[in-house]
Amino acid sequence: MKGQFEVQFNWVFVLIAGAVILAFFFSIVLKQRAISEQRLELTLAGELDAITTSASVAKGAAQRISLPKAGLDFTCSDECSCTFSVGSVTKDYRDKLIFAPSHIEGDTVVFWSLDWQIPFRATNLLFVTNDRIKYFFVHDDSAESEQLVGKVKALLPEQANSAFVTLSDVDCRTNPNCIKNENYIRVKFVFLNTDPAFGDLQLDDSFSDTELAAVHITPDALTFFKRDSKTATTFTPASAYYAGDATLFAAIFSADEPMYRCNIQAASRRLGYVARIIQSRMETFRADAAIIERGCAYNPETIARVATVGDEQGTSLSSGLTELRGLSLTLNDENEALLRQSCPTLY
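Residues numbered from 1 in each chain as written. Predicted model: local features only at pLDDT ≥ 70, side-chain atom pairs only at ≥ 80, totals over all residues. Heavy atoms only, no water.

Student: Quick one: what's the story with the state of the cysteines, residue by residue and with numbers?
Tutor: Under the definition given, this model contains 4 disulfides. Paired by a disulfide, Cys80 and Cys262 hold their sulfur atoms 2.2 Å apart. In this structure, the disulfide formed by Cys80 and Cys262 twists by about -85 degrees around the S-S bond and is classed as left-handed. Remark: Cys262 occurs in helix H5 (residues 257-286) and Cys80 occurs in the loop between strand E2 (72-76) and strand E3 (82-86); sequence separation between them is 182 residues. Residue Cys262 is classed as buried on the basis of its relative accessible area, which comes to 5%. There is a disulfide in this structure between Cys172 and Cys178, and the S-S distance comes to 1.9 Å. Between Cys172 and Cys178, the S-S torsion sits near 90 degrees, and that sign places the bridge as right-handed. Of the two residues, Cys172 and Cys178, both sit in the buried class. By sequence-ordered numbering of the bonded cysteines, the protein has its disulfides arranged as 1-3, 2-6, 4-5, 7-8. (Disulfide = S-S within 2.5 Å. Helix = DSSP H or I, 4+ residues; strand = E, 2+ residues; numbered from the N terminus. Buried < 20%, exposed > 50% of the residue type's maximum accessible area, 1.4 Å probe, protein only.)

Student: A description of the packing of helix H7 (residues 300-315) against helix H8 (residues 323-340) should follow, citing residues and the corresponding values.
Tutor: Relative orientation of the contacting elements H7 and H8 amounts to 150 degrees, with a least axis distance of 10 Å. Considering the angle they form, H7 stands roughly antiparallel to H8. Pair H7 / H8 crosses with left-handed handedness. Two secondary-structure elements touch here, H7 through Thr302, Ile303, Arg305, Val306 and Val309 and H8 through Glu323, Leu324, Leu327, Thr330, Leu331 and Glu334. Residue composition of the contact of H7 with H8, by class: 6 nonpolar, 2 polar and 3 charged. (Axes fitted to C-alpha atoms, helices over the stretch in contact; angles between N-to-C directions. Parallel < 35°, antiparallel > 145°, perpendicular 65-115°, else oblique. Left-handed = near helix turned anticlockwise from the far one by under 90°. Contact = heavy atoms within 4.5 Å. Nonpolar A, V, L, I, M, F, W, Y, C, P; charged D, E, K, R; others polar.)

Student: Explain the sheet that holds strand E9 (residues 133-139) residue by residue, including any values.
Tutor: Within a sheet, adjacent strands bond to each other through the backbone by hydrogen bonds, running parallel or antiparallel. Taken in spatial order, the 6 strands of this open sheet run E10-E9-E11-E12-E13-E14, and their pairing is mixed. The open sheet has two free edges, formed respectively by strand E10 (162-166) and strand E14 (235-240), since each of these has just one partner strand. Put simply, the sheet's adjacent strands are angled 20 degrees from each other on average, direction ignored. Of the pairings in the sheet, the one linking strand E13 (residues 222-227) to E14 comprises 6 bridges and is antiparallel in character. Each residue of the ladder has a partner; that of Lys226, found in E14, is Thr236. (Pairing = 2+ DSSP bridges.)

Student: I'd like a description of the pattern of salt bridges, backed by residues and values.
Tutor: For the coordinates displayed, the defined rule picks out 11 salt bridges. The partner of Arg64 in a salt bridge is Asp131, with the nearest N and O atoms 3.4 Å apart. With Arg64 in strand E1 (residues 62-66) and Asp131 in the loop between strand E8 (121-129) and E9, the pair connects residues that are 67 residues apart, well separated along the chain. Judged by its relative accessible area of 38%, Arg64 falls in the partly exposed class. A residue is classified by how much of its surface remains accessible, and Asp131, at 42% relative accessible area, is partly exposed. A salt bridge links Arg261 to Glu257; its shortest N-O distance comes to 2.8 Å. Taken together, the positions of Arg261 and Glu257, both in helix H5 and 4 residues apart, correspond to about one turn of that helix. (Salt bridge = Lys/Arg side-chain N within 4 Å of Asp/Glu carboxyl O.)

Student: Go over the packing of aromatic side chains with me, naming the residues and quoting the values.
Tutor: Counted under the stated rule, the structure contains 14 aromatic pairs. When the centroid spacing of 5.7 Å and the interplanar angle of 45 degrees are considered together, the rings of Phe99 and Phe127 count as tilted. You can see Phe99 sitting in strand E5 (residues 98-99) and its partner Phe127 sitting in strand E8, a full 28 residues away along the chain. Classification of Phe127 as buried rests on a relative accessible area of 1%. An angle of 45 degrees between the planes, with centres 5.1 Å apart, marks the rings of Trp112 and Phe127 as tilted. Linking Trp112 in strand E7 (residues 108-117) with Phe127 in strand E8, this pair joins segments that are 15 residues apart in sequence. In this structure, Trp112 and Phe127 share a single accessibility class: buried. Through a chain of ring-to-ring contacts, the aromatic side chains of Phe99, Trp112, Phe127, Tyr135, Phe249 and Phe253 assemble into a single cluster. A cation over an aromatic ring shows up here: Lys153 above the ring of Phe164, its NZ or CZ 4.8 Å from the ring centre. Above the ring of Tyr242, the side-chain terminus of Arg325 is found at 4.6 Å from the ring centroid. (Phe/Tyr/Trp six-rings, centres within 6.5 Å; stacked < 30°, edge-to-face > 60°. Lys NZ or Arg CZ within 6 Å of the ring centre and 35° of its normal.)

Printed below as a string of structure tokens:
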């Protein structure tokens, strides 16, 4: 009897000891896996940091690269702290101007850059998207809407997943064949001088659990619409402004109003800096007697105003940003006049 008890006890001891050893090694495996995943995330975050840097300086280029399994997250706080994340690893935007959805997942990601010309190149803006994201450009037959359609079609890269539709295509109240979400993780409606009418607009039920956003673009201003919750039918508006094609696309690709505002403010600060360099170049020409004797005339007011607007908008984005449109045309005319006279140009 005593011998049987000892045998049973030994087996119990072996089982307990074995379970402890297995648990120990299992915990080591899990810990090593977590460390490996974190190392991989750090490596991928570093690589993406380098990729976004190179992509942001490549004018007009669109490139597709493999997407990390963890996906990418982009965010800008109301206080303009902008970051991107790969898993648990987060990096600051630093000097990059990135306009992207809040989350991207899938096999690949597309980076596209566009330079902001006022009319000289102030900086490059970087846009991010992929195949799991859909952009519906809603337009009507008004001249303003069609002008915006033409501008978008002329510049939008083919890698962007888009469709041009009318309001009747979107509204399911009167159209049983209205557009549906075909398994996209994020959908953005871009209303090109077409009233969104969210109070009356009825979307298909397939959009009920989709990350949904919208922006209304007119020739003069922007209105961002943020869905109050993932399944809500109500949206909260936020007004903004744009100046030039690059900022128009910044509104299209931004996750929300803070991302747009924060990055355009940073772009405006760069504009002010570049404008002051050009202003200094102009003053050098104006002080050169040989250049002045050739009949070369330089107007210091336009470029000075561009620099001032850049500084102001770099602090707080407002309707004053739209002043850059007229200033850009004037400065371009002045530069072309100098060119025709064989005078040193400003840029």
